[in-house]
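Residues per chain, in single letters:
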Amino acid sequence: GDKEKNGGEEHKEGAGVDEEEAADPEAVLDRILDGVCRPFKVRLEQALNASPTALVAYQLANLLDFYKETLGAILGKDASLVATVEECRASAARTFEDQISTRAAKLREKPTRPPDTLAPPPFVAETVSLVRELLQARSDMVSGGDPDATCDSILDSILDPAVEACERGAESIAELLREESGTAGVGATDKVPPAYAARWAKEAYLLNCLNAMAAALGEFPGASAARDSLNSRVASLADTIADDEAGRVLRSSGVAEVRELIALYQGQRTERGAMSRDPALELGVVGSALDKLVDEVSASAEPVPAFDEVSNPRTRVDLRSTYVGKIIEAYTLVYMAVLDPNNGYRDAKSAIRHGPDALGVLLN
């Protein structure tokens, strides 16, 4: 009788537990899956300890984020398996960050000398490949996030060290030229590649590197901020090259100095004819500078630099166009100031052989 009684009590107690669990199915699943947590975490840590590539670690982190959200919707956010998956996701993310940090440190250790052709070095190609793989993985990710959302921090952590390495490499060009210029003896410049001798060699190398990185981001909407930043640097650097080269020609002819003096007069209120009475701006001086500029351009075998060291065709076109624009702009400013009756020049056209249009024909 006691056995039957005890058995009945045991059955009654078990039934109570079943009823409690039945009322909270999330708790039932959490208890069932609890045994999965530790083996899963151990196996994942083993995989991460095997030093997977940055791409694999990134894909793992994204995949685990998806499973965390999915399991959270089924088991509840506080379920032990959900917490374990989140720990594993964080571990994968840390592994990815460590891989990127290690790569950045290696790039910063020692500058890579630019190739003789000023083409992007191998580490730029590796950076481009990694960036494209990560962006593709992001666009393919199955987590609930927007695949086209920006991922600036990730891109910055990869691109910034590469850009810094390119900048240091560009500086090494200038250092090599300085070393060689101070070397005595015949053949002292034999070690300098021909491309290095271009006045814009350092900037051309940087342009080639930046253009390669920007091109890699072209088809990924989520990389628009990084792409725009790189393109902005390309535009600024190209403008610097064109400005430096145009300035060199304008200084050689004397137009640069004349333009600066005219700009000073135009920037302040002066009495009529004051400009023409300035010895540095008398008609003969101004006309001679303008004519010398036209003569130098006409006599040059290359009126507009080809900028062949810059590999991107569009950037080369922009460089040439900007260069021409700066030359013609300076010439036109001086020319129109001389023709302005308020500045007091007489018979101005007879003292200047060519108008801006003639210079434009030579440059174009």
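Just so we're clear, the structure is a prediction, and the values are computed from it rather than from any experiment.

Draft legend 1. Expanded view of the overall build of the protein chain. Along its length, the protein chain carries 14 helices and 0 strands. Taking all 364 residues of the protein chain together, the buried fraction comes to 41%. Long-range pairs, those at least 24 residues apart, make up 75% of the contacts in the protein chain with a sequence separation of at least 6. Only carbon and sulfur atoms are counted for the fraction: they give 51% of the accessible area of the protein chain, which is about 20200 Å².

Draft legend 2. How the structure looks around the packing of aromatic side chains. Evaluated as defined, the whole model comprises 4 aromatic pairs. Ring centres 6.3 Å apart and planes at 15° place the aromatic pair Tyr331 and Tyr335 in the stacked group. Residue Tyr331 and its partner Tyr335 are both found in helix α12 (residues 313-339); the two are separated by 4 residues, about one turn of the helix. Classification of Tyr335 as buried rests on a relative accessible area of 12%.

Draft legend 3. Structural view of the nonpolar core. Ranked by internal contacts, the top residues of the largest apolar core, which has 89 residues, are Leu293 and Ile327. Ranked by residues supplied to this core, first place goes to helix α6 (residues 152-181) with 11 residues. Dropping the residues within four chain positions of it, Ile327 is found in contact with Ala246, Val249, Leu250, Leu293, Leu359 and Leu363. With 14 residues, the next largest nonpolar core counts Leu48, Val82, Val85 and Cys88 among its residues.

Draft legend 4. Main features of the pattern of salt bridges. Summed over the entire model, instances satisfying the criterion amount to 18 salt bridges. Ionic pairing is found between Lys77 and Glu69, a salt bridge with its closest N-O pair at 3.6 Å. Residue classification places Glu69 among the partly exposed positions, given a relative accessible area of 39%. A cluster of three or more residues bridged by salt bridges with shared partners is formed by Asp65, Lys68, Glu69, Lys77, Glu86 and Arg89.

Draft legend 5. Geometry of the packing of helix α3 (residues 54-75) against helix α5 (residues 122-140). Direction vectors running N to C along α3 and α5 enclose 15°, while the axes themselves pass 10 Å from each other. Between α3 and α5, the angle falls in the class roughly parallel. In this structure, the crossing between α3 and α5 has a hand that is right-handed. Taken together, the residues of α5 that come into contact with α3 (itself represented by Ala54, Leu55, Tyr58 and Gln59) are Leu130, Glu133, Leu134, Ala137 and Arg138. Looking at the contact of α3 with α5 residue by residue, the class counts come to 6 nonpolar, 1 polar and 2 charged.

Draft legend 6. A look at the packing of helix α8 (residues 224-253) against helix α9 (residues 255-266). Contact geometry for α8 and α9: axes closest at 5 Å, N-to-C directions at 90°. One element, α8, and the other, α9, form an angle in the roughly perpendicular class. Contacts between α8 and α9 involve Leu250, Arg251 and Ser253 on the former and, on the latter, Val255, Ala256 and Arg259. When its residues are assigned to classes, the contact of α8 with α9 shows 3 nonpolar, 1 polar and 2 charged.

Draft legend 7. Up close: the side chain of Asn211. Inspection of the secondary structure puts Asn211 in helix α7 (residues 201-216). When residues no more than four places from it in sequence are discounted, the contact partners of Asn211 are Val234, Asn312 and Thr315.

Draft legend 8. Spatial organisation of unusual backbone geometry. A positive phi angle is found at Ser51, which is not glycine, with a value near 55°. By the element assignment, Ser51 lies in the loop between α2 (25-49) and α3. For Leu118, which is not glycine, the phi torsion reads 70° and is therefore positive.

Draft legend 9. Highlighting the side chain of Glu245. For Glu245, the location among the structural elements is in helix α8. For Glu245, the contacting residues outside a window of four places in its chain are Arg199, Trp200, Phe307 and Tyr323.

Draft legend 10. Representation of the environment of Gly284 within the structure. Position of Gly284 among the secondary structure elements: in helix α11 (residues 283-299). Along the sequence, Gly284 and Ile352 sit 68 residues apart, while their C-alpha atoms lie 8.9 Å from each other.

Cut-offs used in this document
- Residues numbered from 1 in each chain as written.
- Predicted model: local features only at pLDDT ≥ 70, side-chain atom pairs only at ≥ 80, totals over all residues.
- Heavy atoms only, no water.
- Helix = DSSP H or I, 4+ residues; strand = E, 2+ residues; numbered from the N terminus.
- Buried < 20%, exposed > 50% of the residue type's maximum accessible area, 1.4 Å probe, protein only.
- Contact = heavy atoms within 4.5 Å.
- Areas by Shrake-Rupley, 256 points an atom, 1.4 Å probe, with all protein chains shown as cover.
- Phe/Tyr/Trp six-rings, centres within 6.5 Å; stacked < 30°, edge-to-face > 60°.
- Core = buried A, V, L, I, M, F, W, Y, C linked by side-chain atoms within 4.5 Å.
- Salt bridge = Lys/Arg side-chain N within 4 Å of Asp/Glu carboxyl O.
- Axes fitted to C-alpha atoms, helices over the stretch in contact; angles between N-to-C directions.
- Parallel < 35°, antiparallel > 145°, perpendicular 65-115°, else oblique.
- Left-handed = near helix turned anticlockwise from the far one by under 90°.
- Nonpolar A, V, L, I, M, F, W, Y, C, P; charged D, E, K, R; others polar.

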